[in-house]
Amino acid sequence: MGAAIGYLPASERLGLHYISTRGTAPRLGFEDVLMTGLARDGGLYVPETWPTFSPTALRALRGLPYAEQAARIMWPFVEGALSREDFAAIVAETYAGFGHAAVAPLKQIDQDLWLLELFHGPTLAFKDYALQLVGRLFEHFLRQRGRRMTVVGATSGDTGSAAIEACRDRAGIEMFILHPQGRTSEVQRRQMTTVASANIHNIALNGSFDDCQDLVKGMFNDEAFRDSLHLSAVNSINWARIMGQTVYYMVAGVALGAPERPVRFAVPTGNFGNVYAAYAASEMGLPVAELVIGSNANDILTRTLESGVMEIGEVSPTLSPSMDIQVSSNFERLVFDLFGREGAAVKAAMEEFRKTGRLDMGQARWEQMRTVFRGHRVDDRETLQTIRAIFAGSGELIDPHTAVGVAAALRDDRAKATGPLVALACAHGAKFPDAVEKATGVRPALPARLADLYEREERMTVLENDLAIVQRFITERVGQMASA
Ligand SMILES: *Cc1c(COP(=O)(O)O)cnc(C)c1O
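Residues numbered from 1 in each chain as written. Predicted model: local features only at pLDDT ≥ 70, side-chain atom pairs only at ≥ 80, totals over all residues. Heavy atoms only, no water.

(A) Representation of the environment of E260 within the structure. Looking at the secondary structure, you find E260 in the loop between helix 10 (239–255) and strand 9 (263–268). The spatial distance from the C-alpha of E260 to the C-alpha of P55 is 8.2 Å, given a sequence separation of 205 residues. If sequence neighbours within four positions are ignored, E260 has contacts with R59 and R62. (Helix = DSSP H or I, 4+ residues; strand = E, 2+ residues; numbered from the N terminus. Contact = heavy atoms within 4.5 Å.)

Dropping the structure here:
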């Protein structure tokens, strides 16, 4: 079957194609979707159809090493873009460096409640699971094409360090990461700013995370800028990030009894990337009984689930800064399905939301959303109480984001649902040591390889919240690197 590939036009090659949630950007294959990030019409790419795993295919995953399951689960998304052998090798290399042999181990903390530990990558948070793969895939395709590219991203904390670790010193990549100045934890900032690689540039923006994200969107919407710098994104709007995150849902679900037994997940949610990956896993055939969203005080998603109306509020700082977000970009991917995959309707809805800060989902879509999703708002006090209670009950030092998800899981009406409930442990406690110490009296230690983080020198540039200023900064740096 492989022999036929070269004789077919690109649009008829094997494998999935991807379409934009706003309906007018070109339909692309995996390589282009990976390299492009945001779609040209301002939408997000999603698979044209969902690949599905039969119960037999799910059962066949059980007991395999994480990397082997990952290669099987993601293969339908990348097929046609690279060989199965190359892909399997890249995936194996990606997870070989993780700090736990199981990569994403499950730990039982209560009757029918499990922690899925997603902090065994280089930056101690779940984003490594997709980004370590994305960095390697970028390098693979750039090398094959003899190209360079400029990666820009906005981060509220974890995405930045995880993206930087994924791309540092990789051939062909120049990377610019914007973070809101003074609004990330010190560990998060230092994990970004102490990387000495010449291809990494940190921008501390005088603004909020949403401002950072708006600037990144602004750069993508400026076609001349985007094309001349070969712009790409690694923040959670990139489809490959979602793809990499579907894996641990499938792996955990199968380990706990899927397809025979449905599973539930509780996910601390900000940009809706992680919980959308759980939704994707359910579309791919994993029996998911319910998805519990944990929100901090920035609770736009929980309010949307309560009222059927999405209404933007002010961003307020909390103990879980990676979720201090009001506009959850990935939510548009769910909106696309709720609107019957009608790009024009999504475009109109998102433009209205952009203009008025308000979007009424309508009764039918609201009900459809609530068949799978639940939402709970968890304030800082309850976050600390939860960290304390889990430490007392199981000895685990969970981080504040994890605690928001666990609190939401504990608050959920479990009498109504069946099956094991998996709460995602999204970061290591040592990334947020102040909150953990405040709750438990115990200060979690950084793993040995990060122990000197507080002594390393920091490098960053503070810039005003102004698209032209940031674009000029990037153009100058890329010019210097290209002529160096
Ligand atoms: C990014 C992040 C989140 C939020 O995930 P989304 O995909 O943005 O919803 C939660 N917790 C931690 C530790 C994170 O790094």
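Additional details are given in the paragraphs that follow.
(B) Region of interest: the sheet that holds strand 3 (residues 106–110). Taking strand neighbours across the sheet as the criterion, the six strands line up as 3-4-14-9-10-13 in an open arrangement whose pairing is mixed. The outermost strands of the open sheet, each flanked by one partner alone, are strand 3 and strand 13 (373–377). Looking at each pair of strands side by side, their axes are set apart by 25° on average, direction ignored. Here strand 10 (residues 288–295) pairs with strand 13 via five bridges, running parallel. (Pairing = 2+ DSSP bridges. Axes fitted to C-alpha atoms, helices over the stretch in contact; angles between N-to-C directions.)

(C) Local environment of the packing of helix 16 (residues 380–394) against helix 17 (residues 400–411). Following both chains from N to C, one finds helix 16 and helix 17 inclined at 85°, their axes separated by 8 Å at the closest point. Comparing their axes, helix 17 and helix 16 come out roughly perpendicular. Between helix 16 and helix 17, the residues in contact are E382, T383, T386, I387 and I390 and P400, A403, V404, V406, A407 and R411, respectively. Looking at side-chain class alone, the contact of helix 16 with helix 17 contains seven nonpolar, two polar and two charged residues. (Parallel < 35°, antiparallel > 145°, perpendicular 65-115°, else oblique. Nonpolar A, V, L, I, M, F, W, Y, C, P; charged D, E, K, R; others polar.)

(D) Highlighting the packing of helix 16 against helix 18 (residues 433–440). Remark: helix 16 packs on helix 18, axes separated minimally by 8 Å, with the N-to-C direction vectors making an angle of 65°. By the criterion of interaxial angle, the relationship of helix 16 to helix 18 is roughly perpendicular. Considering only the axes of helix 16 and helix 18, their crossing is right-handed. Residue-level inspection shows L384, I387, R388 and F391 of helix 16 in contact with helix 18, the latter providing A435, V436, K438, A439 and T440. The residue inventory of the contact of helix 16 with helix 18, partitioned by class, reads six nonpolar, one polar and two charged. (Left-handed = near helix turned anticlockwise from the far one by under 90°.)

(E) Examining the packing of aromatic side chains more closely. Inspection of every chain in the model, using the stated rule, returns 19 aromatic pairs. For the pair Y66 and Y95, a centre-to-centre distance of 5.1 Å together with 75° between the ring planes defines the contact as edge-to-face. One end of the pair, Y66, is in helix 3 (residues 66–78); the other, Y95, is in helix 4 (residues 84–96), and 29 residues separate them in sequence. Here Y66 and Y95 have matching classes, each one buried. Geometry around F339 places R365 over its ring, the cationic atom sitting 3.8 Å from the centre. In this structure, R370 packs its charged tip against the face of W366, placed 4.2 Å from the ring centre. (Phe/Tyr/Trp six-rings, centres within 6.5 Å; stacked < 30°, edge-to-face > 60°. Buried < 20%, exposed > 50% of the residue type's maximum accessible area, 1.4 Å probe, protein only. Lys NZ or Arg CZ within 6 Å of the ring centre and 35° of its normal.)

(F) Broad picture of the layout of surface pockets. In this structure, the second largest pocket encloses a volume near 590 Å³. Lining the second largest pocket are 28 residues, and of these D214, K217, V327, F353 and R354 sit closest to its centre. Listing elements by their share of the lining of the second largest pocket, those giving two or more residues are helix 8 (209–221), helix 13 (331–338) and helix 14 (343–356). Among the elements that take part in the lining of the second largest pocket, helix 8 stands out by supplying seven residues, more than any other. Of the residues in the lining of the second largest pocket, the class split is eight nonpolar, ten polar and ten charged. (1 Å grid on protein atoms, 1.4 Å probe; cavity = no way out; pocket = protein on both sides within 12 Å on 5 of 7 lines; lining within 4 Å. Points joined across faces, edges and corners; volume = space filled by probe spheres on them.)

(G) View of helix 11 (residues 273–283). In terms of burial, helix 11 is a largely internal element, nine of the eleven residues being buried. Among all positions of helix 11, only G273, N274, V275, Y276, A277, A278, Y279, A280 and A281 are buried. A positive backbone phi angle near 115° is found at G285, which sits one or two residues after helix 11.

(H) The arrangement of unusual backbone geometry in detail. Here the bond from A258 into P259 is cis, since omega is 5°, no more than 30 degrees from zero. As for its position among the elements, P259 is in the loop between helix 10 and strand 9. Unusually for a residue other than glycine, H230 sits at a positive phi of about 50°. By secondary structure assignment, the location of H230 is in the loop between helix 9 (223–228) and strand 8 (231–233).

(I) Spatial organisation of empty space enclosed by the protein. On inspection of all chains with the given rule, the structure shows two cavities of 30 Å³ or more. Approximately 40 Å³ is the volume attributed to the second largest cavity. Together, T269, G270, S295, N298, I300, L301, M323, I325 and S328 line the second largest cavity. Taken together, the residues of the lining of the second largest cavity sort by class into four nonpolar, five polar and no charged.

(J) The pattern of salt bridges, seen in detail. In total, this model carries 32 salt bridges according to the counting rule given. Across the pair E332 and R22 runs a salt bridge, and its minimum N-O distance is 2.8 Å. Placement of E332 in helix 13 and of R22 in the loop between strand 1 (18–20) and helix 1 (30–36) is noted, with a sequence separation of 310 residues between them. R22 sits in the buried class, given a relative accessible area of 13%. (Salt bridge = Lys/Arg side-chain N within 4 Å of Asp/Glu carboxyl O.)

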